[in-house]
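Working through the structure, step by step
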Amino acid sequence: MSSKRFAEVIVELRSAQVDRPFHYEVPEHWQEQVQIGTRVLVPFGPRRLEGYIVGFSLAADVSKIKPILEVLDDEPPLTPDLVDLAGWLSERYLCTKAAAVQALLPSGMRAKASTKLRLAGDPPFVLPASLEADLLQSLYQSPNKTKEQLIAERPEWRPILRAWVAEGILEESYRVKQGAQVKTITALQCSLDSAAFQAALEELSRAKKQKEVLAYLFDQGVAVPMKDVLSELGASSSTVKPLLEKGYLQKVEQEVLRDPYGIAHEQPEQPLPLTELQRSAYDQIAAAVDTQKPETFLLQGVTGSGKTEVYLQAIASCVEQGRQAIMLVPEIALTPQMVERFKKRFGDDVAVMHSRLSAGEKFDEWRRIRQGDVTIVVGARSAIFAPFRSIGLMIIDEEHEVSYKQDDHPKYLAREVAMYRARQHGATVVLGSATPALETRWWAHQGQIRRIEMGERVMGQRLPKVKVIDMRNELHEGNRSMFSKALKKGIEERLEKGEQIILFLNRRGFATFVLCRSCGYVARCRECEIPLTFHKARGLEQLRCHYCGYAERMPETCPDCKGDHVRHFGTGTQRVEEELHRVFPQAGVIRMDVDTTSGKGSHAELLQRFRNQEAQILLGTQMIAKGLDFPNVTLVGVISADTSLFVPDFRAAERTFQLLTQVAGRAGRHLLPGEVVVQSYNPQHYAVQFAKKQEYENFFQHEIRVRYGVHNPPFRELTAFTSVNTDEDAALRIARTLEDRLRTLFQGRDDIIILGTSPAPLSRLQGKYRFNVVLKYIRFKQVGDPIRTVYLEAAHEAQKAGGYLSIDVNAQMIL
DNA sequence: AGCACGCCGACT
DNA sequence: GTCGGCGTGCTC
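Now for a quick tour of the structure. (Residues numbered from 1 in each chain as written. Chains lettered and ligands numbered in written order. Predicted model: local features only at pLDDT ≥ 70, side-chain atom pairs only at ≥ 80, totals over all residues. Heavy atoms only, no water.)

Some words on the sheet that holds strand β12 (residues 324-328)
Heads up, the condition is: When DSSP locates at least two bridges between a pair of strands, those strands are taken to pair. To qualify as a helix, a DSSP run of H or I must reach at least 4 residues; to qualify as a strand, a run of E must reach at least 2; elements of each kind are numbered from the N terminus. Axis angles are defined between N-to-C directions and span 0 to 180 degrees, where every axis is a line fitted to C-alpha atoms and, for a helix, only to the segment in contact. When checking whether two residues touch, look at their non-hydrogen atoms; a contact exists if any pair is within 4.5 Å.
Strand order in the open sheet made by the seven strands is β13-β14-β12-β15-β16-β11-β17, with parallel pairing throughout. The sheet terminates laterally at β13 (350-353) and β17 (450-454), the two strands that pair on one side only. Between one strand and the next, the sheet's axes are offset by a mean angle of 15 degrees, whatever the strand orientation. Looking at chain direction, strand β11 (residues 295-301) and strand β16 (residues 428-433) are connected through six bridges and run parallel. Bridging across to β16, E295 finds its partner in T428. Packed onto the sheet, helix α14 (residues 414-425) meets β11, β12, β15 (391-397) and β16 and runs at close to 165 degrees relative to β15.

In C-alpha cells, the structure reads:
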C-alpha cells in the first residue's frame with residue numbers, strides 16, 4: 001500500500017506508564033504479513049516483549065525507531081473489530097490496553113521470549129575465584145541455560161553478561177516459546193510408487209510383520225497416525241523402525257485439535273415443534289437477525305417455557321444466513337446439558353469455551369473459531385470475545401447471573417460487551433431470563449430493548465405450589481430441628497413414594513459459624529476476620545476460612561471466657577447431611593458443594609448419579625439452583641431463605657427473589673406435580689412473598705421503587721474503588737485521598753453521589769485491609785474521563801505505599 | 001513492569 | 001576512597 005509505514009504496538013506490560021502505542025519499523029520482508037491485530041515480538045528498552053499491532057502511521061514523531069524482531073503468528077489473532085473492542089474495553093472499564101487485549105485472548109496464547117548465549121572468540125581473561133570465573137564456569141557447564149535463567153540464579157551476573165555481550169565475548173540469540181502449543185501427533189506415510197513398493201516387498205522377504213505394515217500404508221496412500229497403525233496391525237515400534245531407516249516410510253507430524261467433548265453425534269437432532277409463544281419469540285428474533293441492525297431483546301420466560309428451543313432455532317436461522325452465533329451460559333460446568341443439546345443439534349459446528357478446559361483445550365477451541373471451523377460457540381462469560389468474522393446473534397441465558405461480571409481487571413459485564421459487539425457487527429442480542437436483572441427489565445420498560453414474554457410452560461405444566469414456613473413459629477412450638485414439620489413430612493412422603501427431593505442451602509461461607517453461647521464469641525480468621533466455617537472430615541472437627549484457606553482445630557472451650565458452651569451454628573451442607581442421615585436413615589443423599597465437586601468432572605458425575613436415582617436426596621448450595629432438570633424430583637426444600645437476604649449488598653432482595661424463584665422452578669418440570677417448601681425467619685419479606693407466588697412483575701414494581709428512593713441501579717450506575725494494603729493506615733489514607741479528589745472534582749454536581757470511605761464488607765482479606773469508595777452517577781460518558789485521571793493518580797500513590805487501588809466500573813456487587 | 005542511571009551511608 | 005542502598009525516569 002504505502003511506501004513506508006510504522007506499526008503502532010501495544011506491549012504486554014499492564015502499567016499505566018506504558019499504556020500507549022509504541023512505534024516500530026516493519027522490516028521489508030514482513031510488510032505483507034503484518035496487519036492490524038498481528039502479534040509481534042519487539043525490543044523494549046533492554047528487553048524483548050510481546051506486543052500487538054493496533055494501527056499504522058506513516059510518520060512517527062520519535063527519533064529512535066527500532067524494527068520488529070519477530071512476527072508471532074501466521075494469522076493475526078485479533079481481528080480489527082477485536083482491536084477496536086479492546087480499545088473500548090480499556091476506556092469503559094478503566095484498564096490498560098494490554099489488559100484489555102489479554103482479556104480477549106485465550107490464556108494460553110502468551111508467548112515467552114528467552115535469550116540463548118554462546119561463547120564466541122577467545123575466552124575472556126578472568127581472575128580466579130571471582131564472579132566472572134563463576135559465570136564462565138557456569139557457561140561451560142550448562143551451555144543451554146538461557147540468559148534469563150542465569151540472571152535469576154545470580155543477579156550480580158547481569159552487568160558482566162551485558163559487558164561481555166558488548167565486547168563480543170558472548171553472542172545472544174533469542175527464542176520465542178509459544179504459551180499453548182499446537183498439539184501434533186506422529187503419523188506414518190508410504191510414498192513409494194508401485195514398482196518401488198514391489199521391490200521393497202521382495203527385499204523384506206522374511207520380515208512378515210514389516211511387509212504387513214508397509215503394505216497397509218501403501219494401500220492407505222495417506223499418512224496414518226502411528227498409534228493407529230500399531231494397534232490396527234498389532235505391530236510395535238521396532239517393526240516400524242527399520243522401515244523408516246530404509247526410507248520406505250516417512251514420519252509426518254500432524255496437527256491435531258484437542259477435543260474436550262469427544263466425537264459429535266452422528267445423527268443431528270431435529271428441531272422440536274414450537275408452541276405459539278415460542279413461534280412468536282422466534283419470529284421476532286429471526287427477523288431482527290435478518291435486518292443486520294443492532295438490536296437487543298429481553299426474552300422473559302418462566303422456567304420451563306422452552307427458551308432453549310427458541311435459542312436453538314434462532315441460532316440455526318442465523319447460521320443459515322452465513323453468520324455466526326455466540327451462546328453464553330452462566331457457568332458451563334454446571335450446565336452440561338446445554339452443551340449436550342447444542343452438540344446434538346449442531347454437531348461439529350459448535351465450539352465450547354469455559355474455565356474448566358485446560359489451557360491447551362481452550363487454545364484449540366479458540367483456533368477452531370478463529371479459523372472458521374465452527375460457526376457456533378457455547379461458553380461462559382469470556383466466550384463473548386469469540387473471534388468470529390460476522391456475528392449475527394448473541395444470546396445470554398440467565399442474563400441476571402452474577403457470573404457475567406468478570407472478577408478481575410478488566411471487570412467487564414458480558415451483557416455490555418455483547419451490546420458493543422452487536423453495534424460493530426449489526427447483530428442481535430437476546431437476554432434470556434425468568435427473573436431479569438432489574439436494569440434489564442427497566443430498560444425494556446423504557447423501550448430501549450424489546451421485551452418478549454413467554455409466560456406459559458410448555459405442555460401446560462403447572463407451576464409448583466410454594467409453601468413458606470415461618471421458622472420462628474416452629475421454634476415457639478418446640479421444634480428445634482433445622483427441618484420444619486412441613487418439610488419433614490414432605491420428605492417422608494417422597495421417600496415412601498420413591499420420588500426425589502432437592503434440598504437447597506444458601507452460600508456455604510455464611511452457613512456454619514462457631515459461637516460461644518455464654519459470651520457471644522465468634523471464631524474468626526486471623527487474616528481475613530471472616531467467621532470461620534465448621535468442617536468435619538474423618539472425625540476431625542476443624543474450622544476453616546473460605547477466603548484464605550486457613551484451618552485450625554475446633555476449640556473445646558471458649559478462647560475468650562473459657563466456658564464449654566462453644567457450638568457450631570447455622571447450617572452447612574455437612575450438618576444438613578448428618579441431620580438427614582439421622583432423621584431419614586433409609587434415604588441416600590448426594591451432597592454437592594465446593595468440597596465434593598473440586599475434581600474435574602465431579603459435577604457431572606454426581607448429577608448423573610442423582611439422575612440414575614442412586615440417591616433420593618440431592619443436597620447442595622446455589623450451584624444446584626440452575627439448569628437442573630430431573631423428572632422424578634417433586635419436592636424442593638430451601639433450608640433458610642434468610643442467609644442471602646442479609647448480605648450487605650443492595651442487590652440482596654433481588655438475589656433472594658431470583659434464587660427462590662429459580663429453585664422453585666426446579667420442582668415439577670415434568671408430569672409429576674411439584675412442591676416447594678421455603679423455610680425462613682423473615683417470611684413476610686417482599687422478596688420471599690413475591691417469590692412464593694412467582695410474581696416477577698410485582699417484585700419488579702416494588703423493588704424499582706426501592707432503587708429509585710436510594711439512587712441505586714438502574715437509576716444510577718455504581719463504580720467502586722477498593723484500596724488494599726497490608727498497612728491499615730495506608731489503605732485508609734489512599735481511600736480518603738481518592739474520596740477527597742472525587743469530591744473536589746464533582747463539587748456542586750447533585751447528580752453525582754459519593755459514598756465515603758468505608759471498610760469493605762470483606763474488610764480484611766488474606767491479611768490485607770480493604771476500604772471502599774463508591775461513586776454513583778447517571779451517565780458514565782460524563783464522568784469517565786475525569787475519573788480516569790483521579791484514579792490513575794491515586795492508584796500510583798497506592799502502589800508507592802505498597803498496596804493497590806482497584807476499580808470496578810458498573811459494579812454489580814460491593815465487596 | 002523492569003531496568004538503568006544516579007545520588008548518599010558503612011565498609012576494605 | 002569504593003560498594004551498594006533503592007529513589008526517579010524511560011522504554012518506539
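Examining the packing of helix α15 (residues 438-446) against helix α23 (residues 696-709)
This is how the line gets drawn: Under this scheme an angle from 65 to 115 degrees is roughly perpendicular, one under 35 degrees roughly parallel, and one over 145 degrees roughly antiparallel; angles in between are oblique. Residues were grouped as follows: Ala, Val, Leu, Ile, Met, Phe, Trp, Tyr, Cys and Pro as nonpolar; Asp, Glu, Lys and Arg as charged; and all remaining residues, including Gly, as polar.
Their axes nearest at 11 Å, the elements α15 and α23 cross at an angle of 95 degrees. Looking at the two axes, α15 sits roughly perpendicular to α23. Where α15 abuts α23, its residues L438, R441 and W442 lie against Y696, E697, F699, F700, E703, I704 and R707. Partitioned by chemical class, the residues of the contact of α15 with α23 number six nonpolar, no polar and four charged.

Digging into the environment of P67
Just so we agree on the cut-off: The rule is simple: take the accessible area with a 1.4 Å probe, protein chains only, and divide by the maximum for that residue type; under 20% is buried, over 50% is exposed, in between is partly exposed.
Within the secondary structure, P67 is located in the loop between β4 (47-57) and β5 (70-71). Residue P67 is classed as partly exposed on the basis of its relative accessible area of 35%. Remark: the alpha-carbon pair of P67 and A523, spanning 456 residues in sequence, is separated by 60 Å. In contact with P67, other than residues within four places in its own chain, are Y24, E25, P27 and P43.

Concerning the protein's contact with DNA strand B
Using the following cut-off: Throughout, near means a residue has at least one heavy atom within 4 Å of the molecule or strand. Whenever a nitrogen or oxygen atom comes within 3.5 Å of another N or O atom, the pair is scored as a polar contact, on the condition that within protein one atom can donate a hydrogen and the other can accept it, and that pairs from neighbouring residues in sequence are kept only if both atoms are in side chains.
Contacts to DNA strand B come from L13, R14, S15, Q17, V18, P46, R47, R158, R162 and Q799. Each atom of DNA strand B within 4 Å of the protein was assigned to sugar, phosphate or base; sugar and phosphate come to 70%. S15 has a polar side-chain atom sitting 3.2 Å from a phosphate oxygen of DNA strand B. Q799 places a polar side-chain atom, nitrogen or oxygen, 3.1 Å from a phosphate oxygen of DNA strand B. Of the residues assigned to the surface near DNA strand B, the class counts are three nonpolar, three polar and four charged.

Examining the protein's contact with DNA strand C
Around DNA strand C, the structure places 13 residues, and the nearest of them are R20, H23, G45, K64 and K66. Taking the atoms of DNA strand C that fall within 4 Å of the protein, sugar and phosphate contribute 40% of them. Within the backbone of P43, a nitrogen or oxygen atom sits 3.1 Å from a phosphate oxygen of DNA strand C. For DNA strand C, a sugar or linking oxygen lies 2.5 Å from a polar atom in the backbone of K66. Those elements that place two or more of their residues in the surface near DNA strand C are β2 (22-25) and β3 (39-44).

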